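Each chain is listed here by its residues.
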Amino acid sequence: MDELQPPHRGGPPWRSGARSRTAAGLPWVSTAVLLVFVMVGTGFAEEGQGRRPLDLAARLLLLVAVGVLLLRRRRPVVAVATTCAATLVYLAAGYPYGPVFVAVAVGCFSAIVTGHREAAWCSLGGLWAGHVLVSHWLYRWLPPDGDRAAPWTQQGFITAWVVAVVAAAELLRVRREQWAAARAEREAAERRRADEERLRMARELHDVLAHSVSVINVQAGVGLALLDSDPEQARTALTTIKGASKEALDEVRQVLANLRTPGDAPTSPAPGLDRLPELVEQAAAAGLTVTVGSEGDPVAVPPGAGLAAFRIVQEALTNVVRHSGSRTAEVHIGYGSGRLRLRIDDAGPATGGDAGGSGNGLAGMRERAAALGSTIEAGPRPDGGFRVLAELPFTGPDRDRRPPEPPEETT
């Protein structure tokens, strides 16, 4: 469980590799490719436009407009503002239209998807407004000589281009936020499953150890008391201690093995009501007489409900051994329509505090019942003693198959 695989990151698969290559430094490769595209493409685009031919100043402006995009991840506001400003100066100088607008789009995308929407909108809006002024008013005083006002159809095309860039960037931003939210949800689900698995294993360890250690404690007291006066009875108590400790160690090893190798199947099936006779024998070894009875037509109980029922009975009997002065207990199992009813009674009185205990036992029983959508009642009976009452719902395809008959009136 501690070796959980890292969760799959959200977003399209082509982004993970690019992020790993460029996150540590600057995006040199993509910026260089864009620079070559703008330089070469502008040379082809100037043919037939009748605008000022490309010269060293034009190349320098294109270099600035594209080169500043190296900072588009670390300084997206600076990148988009500089690209738009260099592009506006380039157009105001009368140089031909061309792929420089691709650099503007890249800068706008980078600023918007990183959360700097206002900076991107202002920079792009300033470029658009400046182009309107240059192409419809200031052209008289700007190169090339004899230039005329640009047609409004051209301005409409540029406006549509600006709207398309902003809309696409906003769409990408929304998608990235969705990917981030999905990634956070998956990571939270992974942590939640890990916490649930830790809680389940802690509950298993508590149930195993609490029951076995209680039996060992009682038998150790018996052995010490009878060591001199009745060595044979003391030997029996030590034998019981050996068996209980071996069973506890086996179950602890199984839980820890699942912890170390997540995904492996358990080496033995989870305990269920078919192992109820073992609890009766262990209780008898601790000096407790247990009577088991059933009501209704027995049905096969799914493993989850069976394990919960086994642990609830085990914890209830452990509480009787530890906290009750009674040496008898009754376990009653009732089978209903998709429900399993458990009742564990002892005659009391309580010894050494509350008969139900104040540790994690009752909390563990309630958690197991809550995991199946049910509750559990535990408290003193009106006529004395203590009662644990649980009603566990279960569903599944195996409900109608009859299991082996449970023990009837076993003492």
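All values derive from a computational prediction rather than experimental measurement.

**Q** Please clarify how the pairing of strand S1 (residues 289–295) should be interpreted in this entry.
**A** A regular strand places its side chains so that they alternate between the two faces of the sheet. Pairing of S1 with strand S2 (residues 328–335), which is carried by seven bridges, proceeds in the parallel orientation. Its bridge partner lying in S2, Ser294 is registered against Ile333. Remark: the S1/helix H10 (residues 303–323)/S2 crossover connection has left-handed handedness.

**Q** Sorry, what's going on with the pairing of strand S5 (residues 386–393) here?
**A** With six of eight residues buried, S5 lies mostly within the body of the structure. When strand S3 (residues 339–346) meets S5, the two strands line up antiparallel, connected through eight bridges. Bridge pairing links Ile344 to Val388 in S5. The pairing of strand S4 (residues 376–380) with S5 spans five bridges and is antiparallel. By the bridge assignment, Ile376 is partnered in S5 with Ala390. Where S4 folds back on S5, the antiparallel hairpin that results is connected by five residues, among which Gly384 adopts a positive phi of roughly 100°.

**Q** Got a minute to help me understand the nonpolar core in this structure?
**A** Most often, soluble globular proteins keep nonpolar side chains buried together rather than apart. Ranked by size, the top nonpolar core spans 38 residues in total, and within it Leu317, Leu340, Leu342 and Leu392 carry the most contacts. Where this core is concerned, the elements lending two or more residues are helix H9 (276–285), S1, H10, S2, S3, helix H11 (361–371) and S5. Of all the elements, H10 adds the most residues to this core, at 10 residues. Those residues in contact with Leu392 that sit more than four places away from it in its chain are Ala305, Ala308, Ala309, Ile312, Gly338, Arg339, Leu340, Leu342, Ala369, Leu372 and Ser374.

**Q** It is not clear to me how the side chain of Arg381 should be interpreted in this structure. Could you clarify?
**A** Tracing the backbone through its elements, the reader meets Arg381 in the loop between S4 and S5. Here Asp346 takes part through its backbone oxygen, which lies 3.3 Å from a polar atom of the side chain of Arg381. The contacts of Arg381, once residues within four sequence positions are left out, are Asp345, Asp346, Ala347, Phe386 and Arg387.

**Q** Just checking my understanding: could you explain the packing of helix H3 (residues 56–67) against helix H4 (residues 76–92) for this structure?
**A** Helix-helix packing: each pair is described by the crossing angle between the helix axes and the interaxial distance. Look at H3 against H4: their axes get within 8 Å of each other, and the N-to-C directions meet at 160°. When the interaxial angle is binned, H3 and H4 end up roughly antiparallel. Here the hand of the crossing between H3 and H4 comes out left-handed. Listed contacts from H4 to Ala58, Leu61, Leu62, Val64 and Ala65 of H3 are Thr82, Thr83, Ala86, Thr87, Val89 and Tyr90. Class assignment for the residues of the contact of H3 with H4 results in eight nonpolar, three polar and no charged.

What counts, and where the lines are drawn
- Residues numbered from 1 in each chain as written.
- Predicted model: local features only at pLDDT ≥ 70, side-chain atom pairs only at ≥ 80, totals over all residues.
- Heavy atoms only, no water.
- Pairing = 2+ DSSP bridges.
- Helix = DSSP H or I, 4+ residues; strand = E, 2+ residues; numbered from the N terminus.
- Right-handed = clockwise from strand over helix to strand, strands pointing away.
- Buried < 20%, exposed > 50% of the residue type's maximum accessible area, 1.4 Å probe, protein only.
- Core = buried A, V, L, I, M, F, W, Y, C linked by side-chain atoms within 4.5 Å.
- Contact = heavy atoms within 4.5 Å.
- Polar contact = N/O pair within 3.5 Å; in protein donor to acceptor, adjacent residues only side chain to side chain.
- Axes fitted to C-alpha atoms, helices over the stretch in contact; angles between N-to-C directions.
- Parallel < 35°, antiparallel > 145°, perpendicular 65-115°, else oblique.
- Left-handed = near helix turned anticlockwise from the far one by under 90°.
- Nonpolar A, V, L, I, M, F, W, Y, C, P; charged D, E, K, R; others polar.

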